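Okay, here's what each chain looks like letter by letter:
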Amino acid sequence: MSSASDTDRLLAEQLLRLTRRLHRIQKRHMEPLGITPAQSRLLRTVSHYEGAEAPRMADLAARLEVVPRAVTTLVDGLEAAGCVRRAPDPANRRVIRIELTETGRATLRRLRNARTDAAEEILAPLTAEQREVLGGLLNALSDAPAERSC
């Protein structure tokens, strides 16, 4: 008979394997778009500001939980691809804001389709009922309060 800790270890390993598989599948679906998973995440984050004041690099770094230098590299690549642009803040010309371009919006739409295709691929073995149950379980896990550590 296995203990709860053995079950938890097995579940943790299964979740890690699933996460790695999901990343591989999503990456494969995104490659034709020329966008990396990190760039995709930055584009989605910038899009959350649409209708509000465009984010600063520091806002993006905080939201993505990365160092500002990482954001600079991502923005450089996305700007070269025409997906975002740097724009001076009208109230403070020393502040640079990151705006989504029309190309960026179109890329986001294609990325959403790629993510949907990846999800369909990974969920293919499940019935509609199993998907419902999985959705409930994932909500319970993702809505759980974060554990604090030193």
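Notes on the structure in this doc start here. Because the structure is a prediction, the values reported are computed rather than measured.

1. Quick word on the pattern of salt bridges
Following the criterion strictly, the structure yields 12 salt bridges and no others. The partner of R28 in a salt bridge is E121, with the nearest N and O atoms 2.5 Å apart. Placement of the pair is R28 in helix α1 (residues 4-30) and E121 in helix α5 (residues 102-123), with a sequence separation of 93 residues. Under the relative-accessibility criterion, R28 is labelled partly exposed at 44%. When the shortest N-O distance is used, the salt bridge between R85 and E99 registers 2.9 Å. Here the residue R85 occupies a position in strand β1 (residues 84-88), and E99 occupies one in strand β2 (residues 96-100), the gap between them amounting to 14 residues. Among the residues examined, R85 registers a relative accessible area of 40% and is labelled partly exposed. Connected through salt bridges with shared partners, the residues E53, R56, D59, D89 and R97 form a single ionic network.

2. Observations concerning the packing of helix α2 (residues 37-47) against helix α4 (residues 68-80)
Where α2 meets α4, the axes come as close as 10 Å, and the angle between the chain directions of the two elements is 90°. One element, α2, and the other, α4, form an angle in the roughly perpendicular class. Residues A38, Q39, L42 and L43 of α2 form the contact with α4, whose participating residues are V71, L74, V75, G77 and L78. When the residues that make up the contact of α2 with α4 are grouped by side-chain class, the tally is 7 nonpolar, 2 polar and no charged.

3. Here's the deal with a nonpolar patch on the surface
A contiguous nonpolar surface patch, about 370 Å² in accessible area, is contributed by L15, L18, L138 and L141. For the nonpolar patch, the elements supplying multiple residues, two or more each, are α1 and α6 (128-142). By secondary structure assignment, the location of L15 is in helix α1. Taking the relative accessible area as the measure of exposure, L15 reaches 44% and is therefore partly exposed.

What counts as what
Residues numbered from 1 in each chain as written. Predicted model: local features only at pLDDT ≥ 70, side-chain atom pairs only at ≥ 80, totals over all residues. Heavy atoms only, no water. Salt bridge = Lys/Arg side-chain N within 4 Å of Asp/Glu carboxyl O. Helix = DSSP H or I, 4+ residues; strand = E, 2+ residues; numbered from the N terminus. Buried < 20%, exposed > 50% of the residue type's maximum accessible area, 1.4 Å probe, protein only. Axes fitted to C-alpha atoms, helices over the stretch in contact; angles between N-to-C directions. Parallel < 35°, antiparallel > 145°, perpendicular 65-115°, else oblique. Contact = heavy atoms within 4.5 Å. Nonpolar A, V, L, I, M, F, W, Y, C, P; charged D, E, K, R; others polar. Patch = residues over 30% accessible without salt bridge, like charges linked within 9 Å, V, L, I, M, F, W, Y side chains within 5 Å. Areas by Shrake-Rupley, 256 points an atom, 1.4 Å probe, with all protein chains shown as cover.

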